[in-house]
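# Structural features, examined
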Amino acid sequence: MQNSIRDLFDLSGKTAIITGAGSGLGRCFAAALASFGSAVICADRDLAGANETCESIRSSGGISEAVGVDVTDAESVRLMFEKATSAGRRIDVLVNNAGIATPPKRIHELSLDDWDRLMAVNLRAVFVCSRLVIPNMLSADGGCIINISSIQGLSGFYPGFAAATGSYAASKAGVIGLTKQMAVEYAADKIRVNAIAPGYHRDTNLGRERKALATDEIISSFDDAVMRRTPMGRKGDPTEMDGLVVYLASTASSFVTGQVFVHDGGWIAG
């Protein structure tokens with residue numbers, strides 16, 4: 001009995017693409033899937049970062065390769081997918097993880113350029129990557145797609161100062177809508193599509209633009225506001241999502257599709 005349960009999480013013989021795998025959550029997702037046997041394609045605009053992720057996986061005995069990609073460029077995504085599927089390789093898992101957060105501003109202060117730049121990475125790229133991978137999964141009798149949303153796609157947050165942008169919230173809500181639509185469109189084709197909505201986690205690089213422009217006082221105020229709002233009283237560690245991403249990528253979740261898994265230390269519940 002125990003062996004059969006463990007087998008549900010085995011990813012041996014499978015291949016996964018993780019976008020934004022050069023750092024932060026993407027690096028953790030790649031390492032987690034590789035540790036359960038999946039070959040992992042680490043795709044990132046930062047090819048040096050993707051190579052670092054691959055080297056770490058290989059040093060632990062895993063199978064991994066790095067591919068440079070700009071997810072805002074459809075041709076770059078096509079070339080990434082072409083390389084990933086060379087020699088007839090099938091893609092079993094796609095993790096649409098690449099994302100950015102522009103400096104926080106209220107709606108009337110937000111520029112059109114920042115809105116468009118963020119939407120291109122956070123929402124349009126999920127569509128672009130998925131539409132290329134889905135035919136491969138259809139021809140291979142199934143697969144799974146895991147989209148990374150956010151608690152900002154489920155609820156607003158304004159602790160008296162701009163802590164996120166409306167564009168970020170809109171993009172992550174859009175990811176949830178796209179996830180649910182893809183799930184029902186492809187359920188009969190054995191392609192499962194789910195989303196993870198993380199709360200605030202340490203060391204994700206998501207807030208690097210905000211931190212680059214913020215004073216120490218603003219950063220401290222932001223962190224204090226997050227701690228107060230989170231019932232567990234802390235930020236998460238990216239590795240705390242390892243079990244969730246493996247579950248969603250494996251046959252352990254074979255009857256799960258169209259769902260949003262919130263990973264937030266109680267944020268939404270509170």
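Residues numbered from 1 in each chain as written. Predicted model: local features only at pLDDT ≥ 70, side-chain atom pairs only at ≥ 80, totals over all residues. Heavy atoms only, no water.

## Comments concerning the nonpolar core
Of all hydrophobic cores here, the largest spans 29 residues; its most connected members are I17, V71, M80, I91, L94 and I145. Sorting the residues of this core by element identifies β2 (39-44), α4 (74-84), α5 (112-139), α6 (166-186) and β6 (191-198) as the ones contributing at least two each. With eight residues, the top contributor of residues to this core is α5. Apart from residues no more than four positions distant in its own chain, I145 is found in contact with L94, N96, S130, I134, M137, I191, R192, V193 and N194. By size, the runner-up hydrophobic cluster in this structure holds 28 residues, among which are F29, A32, V95 and A249. (Core = buried A, V, L, I, M, F, W, Y, C linked by side-chain atoms within 4.5 Å. Buried < 20%, exposed > 50% of the residue type's maximum accessible area, 1.4 Å probe, protein only. Helix = DSSP H or I, 4+ residues; strand = E, 2+ residues; numbered from the N terminus. Contact = heavy atoms within 4.5 Å.)

## Here's the deal with the sheet that holds strand β5 (residues 143-148)
Backbone-to-backbone hydrogen bonds join strands into a sheet, with any given pair of strands oriented parallel or antiparallel. With parallel pairing, the seven strands of this open sheet are ordered in space as β3-β2-β1-β4-β5-β6-β7. At either margin of the open sheet sits one strand with a lone partner, and together these are β3 (64-68) and β7 (260-263). Averaged over neighbouring strand pairs, the angle between their axes works out to 20° when direction is ignored. Where strand β1 (residues 15-19) meets strand β4 (residues 93-96), three bridges bridge the pair, whose relative direction is parallel. Across the sheet, I18 pairs through a bridge with V95, a residue of β4. Of the strands in this sheet, β1, β4, β5 and β6 are in contact with α5, which crosses β4 at around 175°. The sheet strands contacting α6 are β5, β6 and β7, and the helix crosses β6 at an angle near 160°. (Pairing = 2+ DSSP bridges. Axes fitted to C-alpha atoms, helices over the stretch in contact; angles between N-to-C directions.)

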